[in-house]
Structure formats: C-alpha cells, structure tokens
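# Residue-level structural notes
Letter by letter, the chains look like this.
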Amino acid sequence: MSAPKNTPQFNPERLMTLILAPVISEKSTYVGDTQEQVILRVVNDATKPEIKAAVELLFKVEVESVSVLNVHGKEKRFGRTIGRRRGWKKAYVSLKPGQEINFAQEA
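Residues numbered from 1 in each chain as written. Predicted model: local features only at pLDDT ≥ 70, side-chain atom pairs only at ≥ 80, totals over all residues. Heavy atoms only, no water.

### Let's talk about the environment of H72
Relative to the helices and strands, H72 is located in the loop between β3 (63-71) and β4 (75-78). Residue class for H72 comes out exposed when judged on its relative accessible area of 68%. Taking the C-alpha atoms as reference, H72 lies 8.6 Å from K89; in sequence the two are 17 residues apart. (Helix = DSSP H or I, 4+ residues; strand = E, 2+ residues; numbered from the N terminus. Buried < 20%, exposed > 50% of the residue type's maximum accessible area, 1.4 Å probe, protein only.)

So, in structure tokens, the structure goes:
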C-alpha cells in the first residue's frame, strides 16, 4: 500500500535527530495545559513538515500544526570582552484534540 501523493517522504534517520529536547518553563507548561501545545527545541535547519513528521514518528500522536520561532542568543560580557550565546530554534507543536505527550513516562 503506497502513501498518499501529497504526503512528503522524509529520511527516518534525520527525523530521529531533529528534536533535541522539550522546553520546560512556566510559559511552556501554561501553553501545554491551555492550548494542547508542546514546545520543543529543534535543530536550526528543521522545517515545519519535518518537525511534524518527527513528532508523529517519535511520540505516536497526531499533529495539527507547527509554528517555529528562532530564538536569538543573548549578548554577554566577560570583563571587557563582549560575546554572544548561540541562537536556537523553538517549535510550538499543536496536537489534535485528545492527543497528549507525557515526557515523564516516555523515558
């Protein structure tokens, strides 16, 4: 049985490396409880369709939509020297109603 024509095919090995970690913060907990979303840290070159496919593959849930946000690294000073922390990418993953990811039980 073949996949539908509008479903893109991705490399499963790449999908396994896209998601780095969940973002655990007060805001992410609030968003998760109220809007059925999960906030994840992903690799910088990840695209929305890849993130959707990776979450569905790893956590066995249905994803409704994905929003992506680039977080810029903070500027920090070390005495006279000015440096910058590395930027990263954050993904807001909206799950379909009734779907849930529990990170405490996944490990």
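### Focus on unusual backbone geometry
Backbone geometry at E36 places phi at a positive 55 degrees, although glycine is not the residue there. Note that E36 resides in the loop between α2 (26-35) and β2 (37-42). Residue E36 is classed as partly exposed on the basis of its relative accessible area of 36%. At K60, a residue that is not glycine, the phi angle is positive and equals roughly 55 degrees. By the secondary structure assignment, K60 is in the loop between α3 (48-59) and β3. Residue K60 is classed as exposed on the basis of its relative accessible area, which comes to 66%.

### Structural notes on the environment of R85
Locating R85 in the fold gives a position in the loop between β5 (81-84) and β6 (88-95). The spatial distance from the C-alpha of R85 to the C-alpha of G73 is 4.5 Å, given a sequence separation of 12 residues. Not counting chain neighbours up to four residues away, the residues in contact with R85 comprise G73, K74 and K76. (Contact = heavy atoms within 4.5 Å.)

### Comments concerning a nonpolar patch on the surface
Taken together, M16, L57 and L58 make up a surface patch of nonpolar side chains, about 240 Å² in accessible area. Along the chain, the position of L57 falls in helix α3. (Patch = residues over 30% accessible without salt bridge, like charges linked within 9 Å, V, L, I, M, F, W, Y side chains within 5 Å. Areas by Shrake-Rupley, 256 points an atom, 1.4 Å probe, with all protein chains shown as cover. Salt bridge = Lys/Arg side-chain N within 4 Å of Asp/Glu carboxyl O.)

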